[in-house]
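Report on the structure
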Amino acid sequence: MATKVLVPRLGEGVDEVTVTKWLKRVGDSVKELEPLLEVNTDKVDTEIPAPASGVILKIEMQEGVVAKVGELLAVIGAVGESVSVSSAPVSSVKPSSVPVSAPQPATLNLQPANRDLGFISPVVAKMAAEHGVNLSQVAGTGLNGRITKNDVMNFVGSGQQRVVSSPQPQTLHVTPGTGTLDTVIKHTNIRKSIAEHMVMSKRTSPHVLTVMEADMSRVSKHRAANKEIFSRDGVNLTFTAYFMMAMVAGLKAYPIVNSSWSDEGVLVHKAVNLGMATSLGEDGLIVPVIKGADNLSLLAMARSVNDLATRARGRKLQPDEVKGGTFTLTNHGISGSLFAFPVINQPQCGILGVGMMQKRVIVVEDAIAIRPMVYLSFVFDHRILDGASADNFLMKVKETLESWA
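Residues numbered from 1 in each chain as written. Predicted model: local features only at pLDDT ≥ 70, side-chain atom pairs only at ≥ 80, totals over all residues. Heavy atoms only, no water.

So, the overall build of the chain
Regarding its fold elements, the chain presents seven helices and 21 strands. For the chain, buried positions account for 46% of its 405 residues. Expressed as a percentage of contacts within the chain between residues at least 6 apart in sequence, the contacts between residues at least 24 apart total 63%. Split by element, the accessible area of the chain, about 19,900 Å² in all, is 54% carbon and sulfur. (Helix = DSSP H or I, 4+ residues; strand = E, 2+ residues; numbered from the N terminus. Buried < 20%, exposed > 50% of the residue type's maximum accessible area, 1.4 Å probe, protein only. Contact = heavy atoms within 4.5 Å. Areas by Shrake-Rupley, 256 points an atom, 1.4 Å probe, with all protein chains shown as cover.)

With respect to the pairing of strand 20 (residues 358-364)
Judged from the seven bridges that link them, strand 20 and strand 21 (residues 367-381) form a sheet pairing that is antiparallel. Bridging from a neighbouring strand, Val363 pairs with Ile368 of strand 21. Taken together, strand 20 and the strand that follows it, strand 21, pair antiparallel across an intervening segment of two residues, in which Glu365 is found at a positive phi of about 50 degrees. (Pairing = 2+ DSSP bridges.)

Structural notes on the sheet that holds strand 7 (residues 66-68)
Taken together, the four strands give an open sheet; going across it, the order is 5-4-2-7, and neighbouring strands pair in antiparallel fashion. Strands with a single pairing partner mark the edges of an open sheet, and in this sheet they are strand 5 (44-49) and strand 7. For this sheet, the mean inter-axis angle between neighbouring strands, taken without regard to orientation, is 40 degrees. Alignment of strand 2 (residues 16-22) against strand 7, held across three bridges, turns out to be antiparallel. Paired with Glu16 across the two strands is Lys68, which belongs to strand 7. (Axes fitted to C-alpha atoms, helices over the stretch in contact; angles between N-to-C directions.)

A look at the nonpolar core
Counting 53 residues, the largest nonpolar core has Leu352, Leu376, Phe378 and Leu401 as its most contacted members. Per-element tally for this core: the top contributor is helix 5 (residues 239-253), with nine residues. Apart from residues lying up to four places away in sequence, Phe378 is in contact with Val208, Leu209, Thr210, Val257, Phe327, Gly350, Ile351, Leu352, Leu385, Ala390, Phe393 and Leu394. Core analysis: the next-biggest nonpolar cluster, separate from the first, contains 21 residues, Val7, Val17, Leu37 and Ile76 among them. (Core = buried A, V, L, I, M, F, W, Y, C linked by side-chain atoms within 4.5 Å.)

Structural notes on the pairing of strand 8 (residues 72-77)
Of all six residues in strand 8, six are buried, a share of seventy percent or more. In this structure, strand 1 (residues 3-6) lies alongside strand 8, joined through four bridges in antiparallel fashion. Looking at strand 8, one finds that Thr3 is bridged to Ile76. With four bridges connecting them, strand 6 (residues 54-59) and strand 8 associate as antiparallel partners. In the sheet register, Ile56 faces strand 8, and the bridge partner there is Ile76.

Thoughts on the packing of aromatic side chains
Going through the model one piece at a time under the given rule, you end up with six aromatic pairs. Judged by centre distance (5.6 Å) and plane angle (40 degrees), the rings of Phe378 and Phe380 are tilted. Judged by its relative accessible area of 0%, Phe378 falls in the buried class. Take Phe380: its relative accessible area is 2%, and that puts it in the buried class. The ring of Phe341 has Lys202 sitting right over it, with the charged end atom 5.2 Å from the ring centre. (Phe/Tyr/Trp six-rings, centres within 6.5 Å; stacked < 30°, edge-to-face > 60°. Lys NZ or Arg CZ within 6 Å of the ring centre and 35° of its normal.)

So, in structure tokens, the structure goes:
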């Protein structure tokens, strides 16, 4: 009997997913619990396993389609088994007008360089960038000529001339008055998600920035004295762990900062769940969340920071691990930035930006001294906090770092 593959609920509040890549095609054999396809939600890629063994009889949702929890993705059954129309539930988003059949073998003819490639999945874009492939030269065998992972691999294996260029060159536009050609790079799902969230945030809350400078001498000495000890437990003691602990101290001292705005009033969260903005390189960024951060020791915090950062960059986070944050840290100093004006991660009250640590000349007890200094940029929702309350929080973060023992 045929088995339906439905969109599972991948986490609390996850109501829909985007199908990013099918790992099997119609007619392929599959074993129970074997990865069947990849979906994306909140910038997290997740593999969906096969619920049963058999053959892929039908693929209902093509790559790039948004599907809701409970909707039909595919049908698995025995070889030669027919798939009745009634096996597929009514869906307002599935491309029912497009017949599904086994994809044709990839052709290797060069395509026009200025053709519109349509949707390009993050996996395909990354693979093209790694191999220096100009996607305008790759023939797509997916739905409506879409380029798949196998198309790129076939192109690379063919040994044809490749052009090292931007990951997703699409169409060429002529700049008025100059005659120069500009390349338009299609947006990835991650970039679209980031853009929508950032614009929504700026429209939602009035952003205000306050900046303080912290002397990191005590933290630096503590880290130097304990880094080897932590490494014995398999933990890399980074400065990020100290910033997280200082944020916890600030949020405990001023709980109003650990909040969200609502029409009924300010919602002060009991749980302290710290988001940690993590760069994914050219693919954008993601914010994994350390739940219950107020209950962690420095060792446990450092271990959580290591784990989430590693799995974020390896695209191995679960959807629940990027949800539920109550406050966020962004360490923009990693790329050399001294201070910045971060955008609030809605619906949180604020975000703390940490600049690059730099030795600077300062005055200490009327004497000139050289200290490792860092700028702390706190952006807050002016509907919730005023300048004085925001500065109180930031001062607590600063004092925690400067008095570390």
